[in-house]
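# Observations on the model geometry
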Amino acid sequence: MRAGDFERAWAITDRDNARLSRDDSHKHEGPRHQQRIWRGEPLRDRRILVRCYHGLGDTIQFSRFLPELARYADELSVWCQNPLIPFIEGLDGLKRVLPLHDGCPEVDYDVDIEIMEVAQAIRAGRDLIEPIGPYLRLPETSQPNCESLIWNGRCCTAIAVGLVWEVGDWDKRRSLPVSLLGRLAMEGVQLYSLQLGSAAQVASTIGAVDISTPDIIALGRRIIDLDLIICVDTMVAHLAGALWQEAWVLLHADCDWRWPSSGAASIWYPSIRLFHQRHAGRWDEVIDEVREALAQRTAEHNQRSRLSI
């Protein structure tokens, strides 16, 4: 899948499913994120339940396949993380979206599947994997956007850049020292922090304005209002990509399978630019590259601003 050879990936998974279908172990036992739910059962014209047992970023990434899966189903229900429900409800073809919890789903179904298994089940190729525009959209709301937060204290010609540098407990190699992001403070750039948790308290030490929010819908609005997101491999990267917003994603040397091992482009998110560690643990080299790219981006922005006057 990292290499983009999806037919081969699905063939390998078919082999695994054939083995699992002969296994007597119950597919709903053990930690949820390790469960293999779909064992190759027929999906067409059946009531399908999609279980979202991985992270928020995983659900965002693989939700692009739900409208295609809905074409197979008699009806399609999605059991997903509560914060994402407003986004998932906006996808075409879904019968219902239910909040995920520790019990059993309150819905009748004929066959179930974990959301990260959907791509294999529908034999997704590049045409379904690579979006041609945003595939998630913000729900309508009467609440004002956060533009005033971003424009507060910002020079009218400055680029508004949102930052995320810390991750959850899984694979801490994805995090980078916040002090390095201070190198991105330069004339023509206003830094904003989207970082949650205790790490957000140090945003001011690098000259960043804290506009973080635990509300994912509000976060989506902030991402759209900003000019650029610079973040590590976390949910924010997936949300920016799904909303078709420009983001620069900083990756450690042994990055996750969904990102190529080299190169700046992502088949999953054409609006994202990737920056890779060339040497394990050397984030300073990555930030130097990002700083150079940001300086160029700023110069181009200033030139356009002068031409528009």
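These notes cover the structure that comes with them.

## Quick word on the pattern of salt bridges
Scanning the entire structure with this criterion turns up 20 salt bridges. Residues Arg123 and Asp14 are paired through a salt bridge, measuring 2.9 Å at the closest nitrogen-oxygen approach. With Arg123 in the loop between α5 (118-121) and α6 (126-129) and Asp14 in helix α1 (residues 6-21), the pair connects residues that are 109 residues apart, well separated along the chain. The class of Arg123 is partly exposed, set by a relative accessible area of 44%. The residue Glu41 makes a salt bridge to Lys27 at a minimum N-O spacing of 3.4 Å.

## Considerations on the pairing of strand β5 (residues 159-164)
The element β5 is largely enclosed, with a buried count of six among its six residues. Neither face of β5 is left uncovered, since the one carrying Ile159, Val161 and Leu163 and the one carrying Ala160, Gly162 and Val164 both have all their residues buried. In the sheet, β5 pairs with strand β6 (residues 189-193) via five bridges, with the strands oriented parallel. Counterpart to Ala160 in the pairing with β6 is Gln190. Two elements, β5 and strand β8 (residues 228-232), share four bridges in a ladder whose sense is parallel. In the strand pairing of β8, Val164 is matched with Cys231.

## Details of the sheet that holds strand β2 (residues 75-80)
The strand order across the open sheet built from four strands is β3-β2-β1-β4, with neighbouring strands paired in parallel fashion. Looking along the sheet, the strands with just one partner apiece sit at the ends: β3 (96-99) and β4 (111-114). Taken pair by pair, the neighbouring strands of this sheet meet at an average axis angle of 20°, ignoring direction. Of the strand pairs in this sheet, strand β1 (residues 47-51) and β2 are connected by five bridges, and their pairing is parallel. Its bridge partner lying in β2, Arg51 is registered against Trp79.

## Examining the packing of aromatic side chains
Taken as a whole, this structure holds 10 aromatic pairs when the rule is applied. Their ring planes at 50° and their centres at 5.8 Å tell us that Phe62 and Phe65 sit as a pair that is tilted. Given the relative accessible area of 1%, Phe62 is considered buried. Ring geometry for Phe62 against Trp257: centres 6.3 Å apart, planes inclined by 55°, an arrangement best described as tilted. Remark: Trp257 occurs in the loop between β9 (247-251) and β10 (272-276) and Phe62 occurs in helix α2 (residues 56-62); sequence separation between them is 195 residues. Residue class for Trp257 comes out partly exposed when judged on its relative accessible area of 26%. Taken together, the aromatic side chains of Phe6, Trp10, Phe62, Phe65, Trp257 and Trp268 make up a single cluster linked through ring pairs.

## Describing the environment of Ile85
Here Ile85 shows up in helix α4 (residues 85-88). Overall, Ile85 belongs to the buried group, its relative accessible area being 11%. In sequence terms Ile85 and Leu98 are 13 residues apart; their C-alpha atoms lie 7.6 Å from each other. Apart from the residues lying within four places of it in its own chain, the contact partners of Ile85 are Cys80, Val97, Leu98 and Pro99.

Criteria and thresholds
- Residues numbered from 1 in each chain as written.
- Predicted model: local features only at pLDDT ≥ 70, side-chain atom pairs only at ≥ 80, totals over all residues.
- Heavy atoms only, no water.
- Salt bridge = Lys/Arg side-chain N within 4 Å of Asp/Glu carboxyl O.
- Helix = DSSP H or I, 4+ residues; strand = E, 2+ residues; numbered from the N terminus.
- Buried < 20%, exposed > 50% of the residue type's maximum accessible area, 1.4 Å probe, protein only.
- Pairing = 2+ DSSP bridges.
- Axes fitted to C-alpha atoms, helices over the stretch in contact; angles between N-to-C directions.
- Phe/Tyr/Trp six-rings, centres within 6.5 Å; stacked < 30°, edge-to-face > 60°.
- Contact = heavy atoms within 4.5 Å.

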